[in-house]
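# Breakdown of the fold
So the chains spell out like this:
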Amino acid sequence: MRHYEVMIILNPSQDERTAAPSLDKYLEIIRKEKGSVDKVDVWGKRRLAYPIEKQEEGVYVVAELTCNSESVAELDRLLNLSDNVLRTKVLRTDK
């Protein structure tokens with residue numbers, strides 16, 4: 001198992017309070033594969049450096065995960081298919 005950090009930028013029409021619960025269905029993939037979701041941190045609505053899909057702002061969420069590489073690849077694939085997600089970034093961290 002490896003440690004990963006996933007940054008997700010959600011559509012600004014999404015309410016900040018419902019950001020973490022709405023991502024819970026995607027994070028269930030990690031739990032099913034015997035991984036763990038260590039922390040989900042909602043940074044809130046922030047201005048983007050450049051427009052993405054004609055949006056000037058986005059709701060930033062950072063999730064820390066412990067799982068295998070196949071699970072995080074599947075999570076990233078499903079997040080990218082979602083209409084509510086503007087951008088994702090997966091980083092492998094060494095703890």
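Below, the structure is looked at part by part. Every value quoted in this text rests on a predicted model; they were computed, and no experiment measured them.

## Regarding the sheet that holds strand 3 (residues 55-67)
The strand order across the open sheet formed by four strands is 2-3-1-4, and the pairing between neighbours is antiparallel. At either margin of the open sheet sits one strand with a lone partner, and together these are strand 2 (36-52) and strand 4 (85-93). Taking each pair of neighbouring strands and ignoring which way they run, the sheet shows an average axis angle of 20°. Two strands pair when backbone bridges link them, and strand 1 (residues 2-10) and strand 3 are joined in this way by nine bridges, in the antiparallel orientation. Of the residues in strand 3, the one forming a bridge with Met-7 is Val-62. In this fold helix 1 (residues 19-32) packs onto strand 1, strand 2 and strand 3, with an angle of close to 125° to the strand it touches most, strand 2. Strand contacts of helix 2 (residues 69-81): strand 1, strand 3 and strand 4, with the helix running at about 165° to strand 4, the strand carrying the most contacts.

## A few points about helix 1
Here helix 1 contains 14 residues, and its C-alpha end-to-end distance of 21 Å stays within 8% of the 20 Å for a straight helix at 1.5 Å per residue. Along helix 1, the helix axis deviates most sharply at Lys-25, where the bend reaches about 50°. Those residues of helix 1 not exposed but buried are Ala-19, Leu-23, Tyr-26, Leu-27, Ile-29 and Ile-30. Residues of helix 1 that are buried make contact with strand 1, strand 2, strand 3 and helix 2. Two residues or fewer past helix 1, Lys-34 is found with a positive phi of approximately 65°.

## Details of the environment of Thr-66
Secondary-structure assignment places Thr-66 in strand 3. Classification of Thr-66 by relative accessible area gives buried; the value is 15%. Placed 65 residues apart in sequence, Thr-66 and Met-1 show a C-alpha to C-alpha distance of 6.1 Å. Excluding residues that lie within four positions of it along the chain, Thr-66 makes contacts with Met-1, Arg-2, His-3, Ile-30, Gly-35, Ser-36 and Asp-38. A polar side-chain atom of Thr-66 sits 3.2 Å from a polar atom in the side chain of His-3. Engagement of the side chain of Thr-66 in a polar contact is seen with the side chain of Asp-38, the distance being 2.7 Å.

Rules used throughout
- Residues numbered from 1 in each chain as written.
- Predicted model: local features only at pLDDT ≥ 70, side-chain atom pairs only at ≥ 80, totals over all residues.
- Heavy atoms only, no water.
- Pairing = 2+ DSSP bridges.
- Helix = DSSP H or I, 4+ residues; strand = E, 2+ residues; numbered from the N terminus.
- Axes fitted to C-alpha atoms, helices over the stretch in contact; angles between N-to-C directions.
- Contact = heavy atoms within 4.5 Å.
- Expected span 1.5 Å × (residues − 1).
- Bend = angle between axes of the 7 residues up to and from the residue.
- Buried < 20%, exposed > 50% of the residue type's maximum accessible area, 1.4 Å probe, protein only.
- Polar contact = N/O pair within 3.5 Å; in protein donor to acceptor, adjacent residues only side chain to side chain.

Any functional reading would require information beyond the geometric quantities listed.
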